[in-house]
Amino acid sequence: HSLRKLTLQLDIPLVFDEIITGFRCNLAGAQGYFGIQADIATYGKAIGGGLPIGVVVGKAKYLDVIDGGFWNYEDQSYPETDRTFFVGTYNQHPLVIPVVNTVLKQLKKLGNQLQDELNKKTARLANTLNTYFEENKIPIHVAHFASVFRFEVPANLDIFYFHMIERGVYIWELRMCFLSAAHTDKDVDFIIQAAKESAEDLRQGGFFSSEVPVPNDLVYTPCEDIQVLNEEQMQLWLLTNFGRNEKGSTAYNVIISLKIDGDFYYNVLKNALQKVSDRYEILRSSIDVQKVALRIRKSTPIDMKVIDFSSCDEEAKSETVNNWIKEYNKQKFDLTREPAF
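Just so it is clear, the model here is predicted, and its values are computed rather than measured.

Analysis parameters
- Residues numbered from 1 in each chain as written.
- Predicted model: local features only at pLDDT ≥ 70, side-chain atom pairs only at ≥ 80, totals over all residues.
- Heavy atoms only, no water.
- Helix = DSSP H or I, 4+ residues; strand = E, 2+ residues; numbered from the N terminus.
- Buried < 20%, exposed > 50% of the residue type's maximum accessible area, 1.4 Å probe, protein only.
- 1 Å grid on protein atoms, 1.4 Å probe; cavity = no way out; pocket = protein on both sides within 12 Å on 5 of 7 lines; lining within 4 Å.
- Points joined across faces, edges and corners; volume = space filled by probe spheres on them.
- Nonpolar A, V, L, I, M, F, W, Y, C, P; charged D, E, K, R; others polar.
- Pairing = 2+ DSSP bridges.
- Axes fitted to C-alpha atoms, helices over the stretch in contact; angles between N-to-C directions.
- Contact = heavy atoms within 4.5 Å.
- Polar contact = N/O pair within 3.5 Å; in protein donor to acceptor, adjacent residues only side chain to side chain.
- Salt bridge = Lys/Arg side-chain N within 4 Å of Asp/Glu carboxyl O.
- Parallel < 35°, antiparallel > 145°, perpendicular 65-115°, else oblique.
- Left-handed = near helix turned anticlockwise from the far one by under 90°.

Checked against the element boundaries, Phe23 lands in the loop between β1 (15-17) and α2 (29-34). Accessibility expressed as a relative area gives 14% for Phe23, which makes it buried. Each C-alpha atom of the pair Phe23 and Ile255 lies 48 Å from the other, and the pair is 232 residues apart in sequence.

Below is the structure:
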């Protein structure tokens, strides 16, 4: 409200971006919800029933430059306002226009009852899960507005979304979720249960607190094994085998450099890498040429080399390190002799 007052005083157009909120919070959008009339507002797919569309609405003072003002094809009138070029991929699309017209009529027919019911369902979903997360000291929070909600998960717990997928709930990569008229109370209960079970999986895995012991049945036991190469592994082996003296064998080499400021504990990092290697079979695997298969070793000792550049000339140190990294990246993996890690 303060911003609306300021823009009116200074004659500055106030634009509401309602691409996400659309008509989810109120029949008049965020303008109706907050009781503010904007000068221009934008709407997206919600107004087209999911079809791709962009809609710009507003006061004639600003939008006359799009259509030239009020005029008709049937008489002698013509656009009296100077127009600017305006176009879009789906601009005035013959399929989208009648769909938008139908959606708007349906919204008008249902009134705010549609939004009220959806917003209550969303609030129930968010409040139920937030209460559960707080009571169980789980660092996940469901933020919501109207029928829009999002799981706020710490970056190191992105695995939560994969557990949700396993239980039949897909949360797309941008993490913004919506409830629609197609969702029932049963659907909401399904999402709540999937989130609780996924969080419990992470708790059992020891993700939330060092006080929670890792169950014995989740401890990985390395074993010697032979597995048939899958199609992708076969392709990599052929590339390595036939390109032994060519650049093709280094095509998949990836170097990642990390700069650590502060104290560095060599044994801690080495032990951590050893545990990672012990847990994941692929890091302990090499290719058995005779059987054209993957040989998985029981254990592979991690040899973490230290290259000391501290004696280098200070001005040339950065270049020396970068040159060393480039040369190191040219080394070829012999997947038949030793594990890739």
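To continue, consider the layout of surface pockets. In this structure, the second largest pocket encloses a volume near 720 Å³. Residue lining of the second largest pocket: 25 residues in total, with Arg24, Lys45, Ala46, Gly50 and Ser180 positioned closest to the centre. Put simply, the parts of the chain that give the lining of the second largest pocket at least two residues each are α4 (96-110) and α5 (113-135). Counting residues per element, the lining of the second largest pocket draws most heavily on α4, at four residues. Its residues assigned to classes, the lining of the second largest pocket comprises 15 nonpolar, eight polar and two charged.

Taken together, the three strands give an open sheet; going across it, the order is β1-β2-β3, and neighbouring strands pair in mixed fashion. The sheet is open, and its two edges are formed by β1 and β3 (55-58), each paired on a single side. Looking at each pair of strands side by side, their axes are set apart by 20 degrees on average, direction ignored. Bridge count for strand β2 (residues 40-43) against β3 is four bridges, and the pairing is antiparallel. Residue pairing for β3: Ile40 is matched across the bridge by Gly58.

Whether parallel or antiparallel, the strands of a sheet pair through hydrogen bonds between backbone atoms. What the three strands build is an open sheet, ordered β4-β5-β6; its pairing is antiparallel. Two strands lie at the open edges of the sheet, namely β4 (141-145) and β6 (177-178), each paired on one side alone. Looking at chain direction, strand β5 (residues 148-152) and β6 are connected through two bridges and run antiparallel. Looking across to β6, one finds that Phe149 is bridged to Cys177. Contacts between α5 and the sheet are confined to β4 and β5, with β4 contributing the most and set at about 160 degrees to the helix.

Before going further, it helps to spend a moment on the side chain of Asp39. Tracing the backbone through its elements, the reader meets Asp39 in the loop between α2 and β2. Judged by relative accessible area, Asp39 falls into the buried class, the value being 4%. Looking at Asp39, its side chain comes within polar contact range of the side chain of Lys59, at 3.0 Å.

Along the chain, Asp11 falls in the loop between α1 (2-10) and β1. Here the alpha-carbon distance between Asp11 and Ser299, two residues 288 residues apart in the chain, equals 72 Å. Each residue touching Asp11, except ones within four places of it in the same chain, is listed here: Lys61 and Tyr62.

When the charged atoms of two side chains lie near each other, side chains of opposite charge can form a pair. Taken as a whole and judged by the stated rule, the model has 12 salt bridges. Here Lys61 and Asp11 are joined by a salt bridge, their closest N and O atoms 2.9 Å apart. Of this pair, Lys61 sits in helix α3 (residues 60-67) while Asp11 sits in the loop between α1 and β1; the two residues are 50 residues apart in sequence, bridging distant segments of the chain. Like Lys61, the residue Asp11 is exposed in the burial classification. Asp288 is the salt-bridge partner of Arg295, the closest N and O atoms lying 2.9 Å from each other. Under the relative-accessibility criterion, Asp288 is labelled buried at 13%. Each of Arg4, Asp39 and Lys59 takes part in a single network of salt bridges with overlapping partners.

Each regular strand displays side chains that alternate between the two surfaces of the sheet. Sheet topology note: the strand β8 (residues 285-288)/strand β9 (residues 293-296) ladder contains four bridges and is antiparallel. Its bridge partner being in β9, Asp288 is matched across the sheet by Ala293. Hairpin remark: β8 followed by β9, antiparallel, with four residues in the connecting loop; positive phi at Val292, about 45 degrees.

The backbone of Ala146 sits at a positive phi, close to 55 degrees, despite the residue not being glycine. With respect to the helices, strands and loops of the structure, Ala146 is situated in the loop between β4 and β5. Positive phi is not limited to glycine here, since Val292 has a value of about 45 degrees. By the secondary structure assignment, Val292 is in the loop between β8 and β9.

This paragraph deals with the packing of α5 against helix α7 (residues 185-204). Interhelical geometry of α5 versus α7 gives an angle of 20 degrees and a closest axis separation of 10 Å. With respect to each other, α5 and α7 are oriented roughly parallel. Between α5 and α7 the crossing geometry is right-handed. On the side of α5, the interface is formed by Lys121, Arg124, Leu125, Thr128, Leu129, Tyr132 and Phe133, while α7 contributes Asp185, Val188, Asp189, Ile191, Ile192, Ala195, Lys196, Ala199 and Glu200. Across the contact of α5 with α7, the residue classes tally to nine nonpolar, one polar and six charged.

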